[in-house]
Amino acid sequence: MSIQLENGKIRLEWDENGVLTGLTNLETQNNIINSCQPCRIILGHEKFLEFEAFPTGVCRAESADGFAAFHYDKVTAETGDVYDISLDLKTILDGNDIRWSVSVVNNTCDVTVREVHYPVISIRNPAPPLRVHNSDFVSTTYPDLPAMLNANFTKYMAPDHKYIRHTKLYPGQHCSLNFFILDYGKEILYYGCHDPEFLFTGHGFEMDKDKRINCFMARMPFVAPHGSMSESVVVTSLISDSWQAGVQKYRKWADSWFVAPTVPEHIRNSFGWQRCIMHHQYGEYFFRYSDLPEILSAGLPSGVDTIFLFGWTKEGMDAGYPAYTPDPDCGGFDELRKNILKVREMGGHVIIYFNGQLIDTASDFYRCGNGQAVSIKRADGTEHREFYNFSNTGVFTRIFGNKTFTVACPACREWIDILKEHIDKAYALGADGVFFDQLGYGSYPCCDPTHGHPVPFTGLMQSKRELCRELYEYAKSKSPDFAIGIECPTDQTAQYADFVHVFGNTAQVWNPDFRKNGTRPRLKCEAPLFSAAFPEVYLTDREIRDDSDVEFPVNQLLIQQRRSDVEIYRCRANITATPHYKEYLKLVNDLRSRYKDILLNGQMTGAREVVCSDPVVICNAFRKDGQLAVVMTQSSKDSVTAEFVIKDHEVIEYASARNDVSLTGNTITLPCDSVAVILCRKV
């Protein structure tokens, strides 16, 4: 006997064995799925580390108004073995939302339930025009899901004959938000995990042996023999709307725990910084402390008023951590402080770099045993280690590297206290703020039981969140204007930072030949999920490093509400080494200055506020204090003349970076690489 739930918006259907046979948007009558067993688990024991199993035996089903439940008292593994593990699966239908609950009772003596994949959804029409939006590298759009999966063969690292997989991890290691979206154009499937503990969650897409394409989220409870778990954190929604509706759903949940930081004015109104390495780990000097005023002077004409200071120590960039010794060859502490204060007297700002988790194995801290005690251990008990092969022009160091690092577990009190001492040092140097590298990034789940956390520590990012909270509060105890930033945006750490240094997509595209073909650039960040969900979080761009490609990425900086991370020659020079970048950034920041408040601090509303007749035109819009600023740019053709409609608004004025855009009524002409701002008010 089949089971059906329906509420006028969505219809869900199962067969008598609990196989999900239908998921239909009743507004469009579109059933988006193939029939599929919606739950699988990953088991492991001493002789076989991981293998999958499915509910089996008699399915006891029940349903009532708004919910359906399925109970199984056994699971059958891919090996054919049957295990005494019971599963209770429950689905609640509430408006457009479907809430999925799972309970596991492990009655075995020697098997661990490592993962739960629920619900697994088999996508009926996965080919374009379907697009997938997720928060990998801040935000990524996959315009062709089957093609993406077909490019994911692992050769011999995984059983590609079973599944070809594309799996990313939240929080921090890949994904900055705990949801993804299937975008059909006029309707979306939102798939979110609303977990207030921020446990590691895998976002998975796969092609199975029958060439069906599935999506799922992998939870990792590691239920031991005779243990149990129960959770209700996964929410899916079928919505007749755009991807922005999915963002709004996630933010509504996030409002239960997210409180936006009060950002200092010098960060809130800044257009960005020059990121400079003074002294590298292999010994080369690019700058001295006395160069700081000159670096600021180079950036000010382009609107860049801040210096992001890396490699300022005797030990050099990425060396000696957690020791940060002011370099005596540059004049030591007093000379550094003197020049930081000079920069501030000139109207500029300085942010001091520290790493938030790396420990140099050649450091005294490591060699005395303290570093080994706080380091993350892998499942086999060995330390997790990382390597960054910085080099000059030689070959050996570039290939084999120079430094070895362990990674500190954020649950260790001794490490937190060391990071607080770094804040003390930056404040004593007269800096405007402090930056901790890698604190938004997902570390290996620590398996050291002496740290007092579960093993494996799949809640490690909750500890990083608590670490960031403590550092944030400590920094603010120095002064409310003393800024603190971290690298890698993740929603659960971002509220304890005044800015986040991005590692991810800004202007990257899937079709780098778009200019040659005169087509729209397919941005990897086509749907800027993170900024749309958390406009209060201040993000930078990244990877403009020379004069070879400037206009397109700088224009995207404006479109996506980012601050500039000026990193010339990988932070080895200041912006005077790239005169074209310097001049064009000045033009764009002059435009940004004209509409500063709304472009920097307005709520991103996305392109649904404006409809443009030519698809090569990239648009975004920002709303603040009753006004709307629409940003338009195109880099595909010599010139584009297009008609546009801005819903329920009239144009007040417009301006462009190069004064090369014309606007008559609702017709705009955009030369190649131009960018314009159209200021509107509601009618």
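In this convention, every chain numbers its residues from 1, walking through the sequence in written order. Under the rules for a predicted model, residues below a pLDDT of 70 receive no local features and side-chain atom pairs below 80 are neither given nor counted, while totals for whole chains, interfaces and linings still include all residues. By convention in this description, side-chain values take in all heavy atoms of the structure and omit both hydrogens and water.

J.: Which residues make up helix 5 (residues 332–345), and what values go with them?
T.: Helix length check: helix 5, at 14 residues, gives a terminal C-alpha distance of 20 Å against a target of 20 Å (1.5 Å per residue), a fit within 8%. For the exposure calls, accessible area comes from a 1.4 Å probe over protein chains only, and a residue counts as buried if that area is under 20% of its type's maximum, exposed if over 50%, partly exposed in between. Helix and strand definitions follow DSSP, with helices as H or I runs of at least four residues and strands as E runs of at least two, each counted in order from the N terminus. Buried within helix 5 we find Gly332, Leu336, Asn339, Ile340 and Val343. One side of helix 5 carries all its buried residues, which in axial view fall inside an arc of 105°. Exposed and oriented more than 90 degrees from the buried face of helix 5 are Asp334 and Glu345. Contacts are assigned to residue pairs with any non-hydrogen atoms lying within 4.5 Å of each other. Looking at the buried residues of helix 5, the elements they touch are helix 4 (292–299), strand 24 (306–310) and strand 25 (349–355). An expected span of 1.5 Å times one less than the residue number is assigned to each helix. Read the arc as the range of directions from the helix axis to the C-beta atoms.

J.: Tell me what's going on with the packing of aromatic side chains, and back it up with residues and numbers.
T.: Ring pairs shown here join Phe, Tyr and Trp side chains whose ring centres sit within 6.5 Å, with only the six-membered ring taken for Trp; geometry is labelled stacked below 30 degrees between planes, edge-to-face above 60, and tilted in between. In the structure shown here, the tally under the stated rule is 37 aromatic pairs. Aromatic side chains tyrosine 427 and phenylalanine 482 sit 5.3 Å apart centroid to centroid with 85° between the ring planes, which places their arrangement in the edge-to-face category. Residue tyrosine 427 is found in helix 9 (residues 413–428), and its partner phenylalanine 482 is found in the loop between helix 10 (460–478) and strand 30 (483–487); the two are separated by 55 residues along the sequence. Members of the aromatic cluster, connected to one another through ring pairs, are Phe179, Tyr190, Phe198, Tyr250, Trp253, Trp257, Phe258, Phe530 and Phe534. A cation over an aromatic ring shows up here: lysine 524 above the ring of tryptophan 510, its NZ or CZ 4.6 Å from the ring centre. By definition here, charges over rings are those cases where NZ of Lys or CZ of Arg is within 6 Å of the ring centre and within 35 degrees of the ring normal.

J.: Which residues make up empty space enclosed by the protein, and what values do they have?
T.: Note on definitions: the grid is 1 Å and covers protein atoms alone; a cavity is a set of points where a 1.4 Å probe fits but cannot get out; a pocket is an open set with protein on both sides within 12 Å along at least five of seven lines; lining residues have an atom within 4 Å of a point. Grid points are joined across faces, edges and corners, and a volume is the space filled by probe spheres set on the points. Enumeration over the complete set of coordinates arrives at five cavities of 30 Å³ or more. Of the voids in this model, the largest cavity is the one considered here, and its volume is about 100 Å³. Ile267, Ser270, Trp273, Phe499 and Arg563 are, among the 13 residues lining the largest cavity, the residues nearest its centre. Broken down by secondary-structure element, the contributors of at least two residues to the lining of the largest cavity are helix 3 (265–268), strand 23 (272–277) and strand 31 (499–501). A class-by-class count of the residues in the lining of the largest cavity yields seven nonpolar, five polar and one charged. Three categories are distinguished: nonpolar for Ala, Val, Leu, Ile, Met, Phe, Trp, Tyr, Cys and Pro, charged for Asp, Glu, Lys and Arg, and polar for the others, with Gly belonging to the last.

J.: How would you explain the environment of phenylalanine 54 if you had to name every residue and give the values?
T.: Within the fold, phenylalanine 54 resides in strand 6 (residues 51–56). With a relative accessible area of 28%, phenylalanine 54 lands in the partly exposed category. For the pair phenylalanine 54 and phenylalanine 137, spaced 83 residues apart in sequence, the C-alpha to C-alpha distance is 32 Å. Leave out the neighbours within four places in its chain, and phenylalanine 54 touches Gln37, Cys39, Arg40, Lys74, Val75, Thr76 and Tyr163.

J.: Report on a nonpolar patch on the surface, specifying residues and quantitative values.
T.: By definition, no residue in a patch forms a salt bridge, and every one has over 30% relative accessible area; like charges are joined within 9 Å, nonpolar side chains (Val, Leu, Ile, Met, Phe, Trp, Tyr) within 5 Å. In these tables, accessible area is a Shrake-Rupley quantity obtained with a 1.4 Å probe, and a residue counts as shielded only by the protein chains included in the view. Salt bridges are counted wherever a side-chain nitrogen of Lys or Arg sits within 4 Å of a carboxyl oxygen of Asp or Glu. Together, Val395, Phe396, Ile399 and Phe400 line one region of the surface with nonpolar side chains, adding up to about 480 Å² of accessible area. Tracing the backbone shows isoleucine 399 in helix 8 (residues 396–400).

J.: Please give an account of the pattern of salt bridges that cites residues and values.
T.: Counted according to the given criterion, the structure contains 43 salt bridges. Of the charged contacts, one joins arginine 251 and glutamate 536 as a salt bridge, the two residues approaching to 2.8 Å between their closest N and O atoms. Placement of arginine 251 in helix 2 (residues 243–254) and of glutamate 536 in the loop between helix 13 (529–533) and helix 14 (551–559) is noted, with a sequence separation of 285 residues between them. Close ionic contact of aspartate 614 with lysine 637 constitutes a salt bridge, the shortest N to O distance being 3.8 Å. With a gap of 23 residues between them, aspartate 614 in the loop between strand 34 (610–612) and strand 35 (618–624) and lysine 637 in the loop between strand 36 (627–634) and strand 37 (639–646) connect regions that are remote in the sequence. What makes lysine 637 partly exposed here is its relative accessible area of 32%.

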